[in-house]
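Next come the chains, spelled out residue by residue.
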Amino acid sequence: MRVELEIWRQDGPRANGRFESYAVDDAEPEMSLLELLDHLNDQIIEGGGEPVVFESDCREGVCGMCGFLVNGKPHGPQDNTPACRQHLRAFPGVTRFRLEPWRSEAFPVIRDLVVDRTALDELIRAGGTVDVAAGTAPDADSVAQPYLQAEQALDFAACIGCGACVAACPNGAAMLFAGAKLAHLSLMPQGRHERSRRARRMAQTVNEIFGPCSLYGECVPACPAGIPLTAIAALNREVLRAGLRGRSRDD
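In short, a report on the structure. Fair warning: this is a prediction, and the values are worked out from it, not measured in the lab.

**As for the packing of helix α5 (residues 175–186) against helix α8 (residues 230–245)**
Moving on, step 1. It is the contact of α5 with α8, at a shortest axis distance of 7 Å, that shows an interaxial angle of 65 degrees. In terms of orientation, α5 lies roughly perpendicular with respect to α8. As α5 runs across α8, the sense of the crossing is left-handed. Along the contact surface, α5 presents Met 175, Leu 176, Ala 178, Gly 179, Ala 180, Leu 182, Ala 183 and Ser 186, while α8 presents Ala 231, Ile 232, Ala 234, Leu 235, Asn 236 and Glu 238.

What follows is the structure, encoded as structure tokens:
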């Protein structure tokens, strides 16, 4: 099958970008979008050109490395699916793709489809560490936790930090990402001593670096980990709780 591609090419952070057109005449329905780019890069290199730069690692939807806009949608046509798991067979009527990097002020373009996602690292850093007693590892059942609460915490911990939620939001908000982290830790016995401090610092950082929540929920179908909209409610709840406890309280 023939697939036509328009791909954003940008030589560096300060260079001007532009779209360039390509065609892959022997694409297979079983190819993922990343495999399609691999195949295209083989063609480009054989022709003496510069391959398209993009990020990938596990290609199993776990690492969060891959990600770009496909026809304006983060990761691709399928909801809640990372780019590495989007196969051409899933959208057979689509044979023309426009690929460009995440579009957000918080994610400056490094080259082609690669963006700098340091802003997400700064948000995690603002949350700080979780204090635990060092020494011999405790028994697994020494800290009791309700089963359903543990399952909810694991659901929020599934966030892979790809940044698709930020790219999907017209305001470039990271509310879903920050909410997933706060909701996850608020449900765990560990980290309760820093709960209010963490909420205050992460809320301040998310407001300083990213845009405000658009309230439309575009982030939810873009999230490959299926983080629910309740994560944003959890973020607001954690901030309200921290405010009620007062700035002198860390817990």
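**Regarding the side chain of Glu 238**
Moving on, step 1. Looking at the element boundaries, Glu 238 is found in helix α8.
Moving on, step 2. Look at Glu 238 and you get buried, because its relative accessible area is 5%.

**Considerations on the pairing of strand β5 (residues 96–100)**
Working note: regular strand, side chains alternate between the two faces of the sheet.
Moving on, step 1. The pairing of strand β1 (residues 3–9) with β5 spans four bridges and is parallel. In the strand pairing of β5, Glu 4 is matched with Arg 96.
Moving on, step 2. Pairing between strand β3 (residues 69–70) and β5: two bridges, direction antiparallel. Within β5, the position partnered with Leu 69 by the bridge is Glu 100.

**Some points on the state of the cysteines**
Moving on, step 1. Under the counting rule described, the total for this entry stands at zero disulfides.
Moving on, step 2. There is no disulfide at Cys 58, and the cysteine sulfur nearest it, in Cys 63, is 3.6 Å away.

**Remarks on the sheet that holds β5**
Moving on, step 1. Sheet architecture is open: five strands sit in the order β2-β1-β5-β3-β4, paired in mixed fashion. Unpaired on one side and paired on the other, β2 (18–24) and β4 (73–74) mark the two borders of the sheet.
Moving on, step 2. Here β3 runs beside β4; their pairing, made up of two bridges, is antiparallel. Looking at β4, one finds that Leu 69 is bridged to Pro 74.

**As for the nonpolar core**
Moving on, step 1. Trp 102, Phe 107, Leu 123, Val 166, Leu 176, Phe 210 and Ile 227 are the most contacted members of the largest nonpolar core, which has 42 residues in total.
Moving on, step 2. For this core, the elements supplying multiple residues, two or more each, are α2 (118–127), α3 (147–157), α4 (164–168), α5, α6 (195–209), α7 (219–222) and α8.
Moving on, step 3. When residues no more than four places from it in sequence are discounted, the contact partners of Ile 227 are Asp 155, Phe 156, Ala 158, Cys 159, Leu 176, Ala 180 and Val 220.
Moving on, step 4. One finds Leu 5, Phe 54, Val 70 and Leu 113 within the second-largest nonpolar core, a separate group that totals 25 residues.

Each value, and the rule that gives it
- Residues numbered from 1 in each chain as written.
- Predicted model: local features only at pLDDT ≥ 70, side-chain atom pairs only at ≥ 80, totals over all residues.
- Heavy atoms only, no water.
- Axes fitted to C-alpha atoms, helices over the stretch in contact; angles between N-to-C directions.
- Helix = DSSP H or I, 4+ residues; strand = E, 2+ residues; numbered from the N terminus.
- Parallel < 35°, antiparallel > 145°, perpendicular 65-115°, else oblique.
- Left-handed = near helix turned anticlockwise from the far one by under 90°.
- Contact = heavy atoms within 4.5 Å.
- Buried < 20%, exposed > 50% of the residue type's maximum accessible area, 1.4 Å probe, protein only.
- Pairing = 2+ DSSP bridges.
- Disulfide = S-S within 2.5 Å.
- Core = buried A, V, L, I, M, F, W, Y, C linked by side-chain atoms within 4.5 Å.

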